[in-house]
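Per-entry structural report
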Amino acid sequence: MRALCWTGVNKLSVETVDDPQLLNSEDVIVKVTLGTSCGSDLHLIGGYIPFMRAGDILGHEFMGEVVEVGSAVRKHQVGDRVVVCSFIACGRCWYCRQQLFSLCDNGNPNPAITEALWGFAPGGCFGYSHAMGGHAGSHAQYVRVPYADHGAFPVPDGVDDMTALFASDSAATGWTGADLGEVRPGDTVAVWGAGGVGQMAAAAAWARGAERVVVIDRLVNRLQQAEQHVSAETLNYEETDIGGELRELTGGRGPDVCIEAVGMEAHTTGPMQVYDQVKQQLRLQTDRPSAVREAVHACRKGGTVFTLGVFAAVVDKFPLGAVMNKGLTLRGAQMHGHRYIPEILERMEAGTLKTSHLATHVMSLEDAPKGYQMFKDKEDGCVRAVFRPHD
Amino acid sequence: MRLGTSVVVGALGVGAAALVRRLWTRTSTQADGATTRERWLVVTVALPQEEAAPDGRLPEPLAELGDRIEVEVRPAPGDKGTEIAARYRDPKEEHAGLASRVEGESPRQQLRSALRRSKQLLEVGEVLRVSPAPHGERSATPGGALQELVTEVGRKEGRL
Ligand SMILES: NC(=O)c1ccc[n+]([C@@H]2O[C@H](COP(=O)([O-])OP(=O)(O)OC[C@H]3O[C@@H](n4cnc5c(N)ncnc54)[C@H](O)[C@@H]3O)[C@@H](O)[C@H]2O)c1
Ligand SMILES: [Zn+2]
Ligand SMILES: [Zn+2]
């Protein structure tokens, strides 16, 4: 089959590789209909998460059709149209029972790396390096899906492929942030980052009853999407002072919940950007946390800051004093998609959650290296590059 | 093989669990003649004790290590399931050379892997496999070789 492989830092190529096989009795093989780029892939491609091997297949946000089922699979049959959660979870360990699916004890067959990095190993993820289990990614014609009864979800007939695709990762990640960030009715929620994840976090904040939702970015087309498709207010951090603007918007209090959906390659204006970038390049800090810093300062006293953006290791100049003295709750998580995908699909079916606008560039998998370049450079208003592996 | 199950723990609950915890910690840090004992390796399985070790029977990967290991089984507090702790009876087994560790053959690595596989067998009935996974061309680089090594011992290393 054809697959998009990482071949070195900032190098991708489409190659012919072996077809996947059923390896466990709870596996299915999915013929991938659509797969999309995600901001998390950029951290891998750029070598910020240095546990990729040349030849590894990328991709974790996808949907498709079941073409083979393992002997212990109960819920799926050949021909089912499914969307698959980007994280791999067993559904039975203690963490899964707490619905903390991305912390599953049984999804990562290679826990040593992350135990050394973080103390304990989170679960596995498709196409997300050997640190997250070494599972082959979904930017391929076929992909093996472990624990399929738990991680693959039938797509309702009324939901089209291009909408369902984003239930796999971006929407479910947004839901993770708003839910675990405990957005309450009446809250004002600020979201840093207007990519797929930030926009979906804004949508999730509305779904939880927020009264005001503000999305922050510098890319005008993305801010327009957040206004048009997610009904959020927007702020451009290159044009205005975000802290001052948020205070004014919130009667001087600050947002109740601040969701950061930017991640370790955050961009900022001013001298901190140079400082962070130099330190990151010298590996004195692995991650650039400028949006988190801003969120911590902007958040109201006693509020919550949630990091949805991916960070790999250590950051510098972190305003711990503000966290402590303002009594903030600081929380983060990889997405617990198994918990939210059913609700997300229901909302898609009811027409109350829109996602297909994120697919700004749709192309054959053969063009995926070009698609990733556009996605990385945010060229031509690219929000997500979507690949069709069978075109 | 029979278990050194801490029956007391089952009967007396949390207070006894705390006592056993103290014993574990003590023996694992105490000097044992010239050799310092390694810590117990412990996993928690999300099942009640009668399902995790019915009649004291251990899952296959641990049973295979036979009398070389001693095993303690006890309920985890807060309904978190069952804790299974193991270590080699003979402290000499714990101090294998670097070469066997690199090959993933050291006794401690085997024990760690046996515990992890046991947990998975109990919780989901199978050990999750990941290879053979399809992949593109792998060039032979030192970095690649290192990745491969780390991946091969992935279940055997770590902080367990
Ligand atoms: N927690 C999870 O499970 C999970 C899942 C998916 C993605 N992610 C992470 O979420 C983050 C966003 O993902 P995405 O797919 O939307 O990525 P993306 O690259 O499409 O979007 C990131 C956006 O952040 C903006 N940005 C950069 N610096 C900023 C700043 N200082 N303030 C405000 N905005 C800023 C960029 O302009 C861009 O629009 C990434 O770090 C990704 O790894 C996490
Ligand atoms: Zn993602
Ligand atoms: Zn689990």
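Structure report, in brief. By convention here, each chain's residues receive numbers from 1 onward along its written sequence. Here the convention is simple: chains get letters from A, ligands get numbers from 1, in the order in which they are written. Where local features are concerned, this predicted model is filtered to residues with pLDDT of at least 70; where side-chain atom pairs are given and counted, the filter is 80 or more; whole-chain, interface and lining totals use all residues. Hydrogen atoms and water are omitted, and side-chain values are computed over all heavy atoms in the structure.

As for the coordination of the zinc ion (ligand 2)
Put simply, the ideal angle at a metal is 109.5 degrees for four donors in tetrahedral geometry and 90 or 180 degrees for six donors in octahedral geometry. Residues and elements named next belong to chain A. Looking at the zinc ion (ligand 2), the protein donor atoms are Cys38 (SG), His60 (NE2) and Asp169 (OD), and they sit 2.0 to 2.3 Å from it. Coordination shells were defined by N, O and S atoms within 2.8 Å of each metal, extended to 3.2 Å for Na, K and Ca; water is absent from the atom set, which can make sites look incomplete. When the donor residues of the zinc ion (ligand 2) are listed from N- to C-terminus, their spacing reads C-x21-H-x108-D. One end of the pair, Cys38, is in the loop between strand 3 (28–36) and helix 1 (39–45); the other, His60, is in the loop between helix 1 and strand 4 (61–69), and 22 residues separate them in sequence. When sorted by exposure, Cys38 lands in the same class as His60, which is buried. What counts as a helix is a DSSP run of H or I of at least four residues, what counts as a strand is a run of E of at least two, and both are numbered from the N terminus. Three labels apply to residues, based on accessible area from a 1.4 Å probe with only protein chains included: buried if under 20% of the type maximum, exposed if over 50%, partly exposed otherwise in between.

So, the packing of helix 7 (residues 196–207) of chain A against helix 8 (residues 220–230) of chain A
Residue and element names in this part refer to chain A. Across the interface, helix 7 lies against helix 8 with an axial gap of 10 Å and an inter-helix angle of 25°. On the basis of their axis angle, the class for helix 7 and helix 8 is roughly parallel. The chirality of how helix 7 crosses helix 8 is right-handed. Two secondary-structure elements touch here, helix 7 through Gln199, Ala202, Ala203 and Trp206 and helix 8 through Arg222, Gln225, Ala226 and Val230. The nonpolar class holds Ala, Val, Leu, Ile, Met, Phe, Trp, Tyr, Cys and Pro. Asp, Glu, Lys and Arg form the charged class, and all remaining residues, Gly among them, are polar. Of the residues assigned to the contact of helix 7 with helix 8, the class counts are 5 nonpolar, 2 polar and 1 charged. Angular values range over 0 to 180 degrees, each being the angle between N-to-C directions of two axes fitted as lines to C-alpha atoms, with helices fitted over their stretch in contact. Any angle that falls under 35 degrees is termed roughly parallel, while one over 145 is termed roughly antiparallel, one within 65 to 115 roughly perpendicular, and all others oblique. What makes a crossing left-handed is the near helix being turned counterclockwise from the far one by less than a right angle; a clockwise turn instead makes it right-handed. In what follows, a contact means two residues having at least one pair of non-hydrogen atoms within 4.5 Å.

Observations regarding the coordination of the zinc ion (ligand 3)
All names here are of chain A. With distances of 2.3 to 2.4 Å, the protein atoms coordinating the zinc ion (ligand 3) are Cys90 (SG), Cys93 (SG), Cys96 (SG) and Cys104 (SG). The coordination sphere of the zinc ion (ligand 3) comprises 4 donor atoms, whose angles at the metal cover 101 to 117°; the geometry is tetrahedral. One chain supplies every donor for the zinc ion (ligand 3), spaced along it as C-x2-C-x2-C-x7-C. For the pair shown, Cys96 and Cys104 are each scored as buried. Every angle between 85 and 135 degrees makes a four-donor site tetrahedral, while opposite donors more than 155 degrees apart, with all other angles between 65 and 115, make a four-donor site square planar and a six-donor site octahedral; other sites are irregular.

Thoughts on the nonpolar core
All names here are of chain A. Residues belong to one nonpolar core when they are buried, are Ala, Val, Leu, Ile, Met, Phe, Trp, Tyr or Cys, and are joined through side-chain atoms within 4.5 Å. With 77 residues, the main nonpolar core has Ile259 and Ile344 as its most contacted residues. Of all the elements, helix 7 adds the most residues to this core, at 7 residues. Domain ranges listed in this record stem from an automatic or a database domain assignment. The residues that make up this core include at least three from each of domain 1 (2–169 + 335–388) and domain 2 (171–332). The next biggest cluster of nonpolar side chains, apart from the first, holds 23 residues, and it includes Val30, Val32, Val82 and Ala148.

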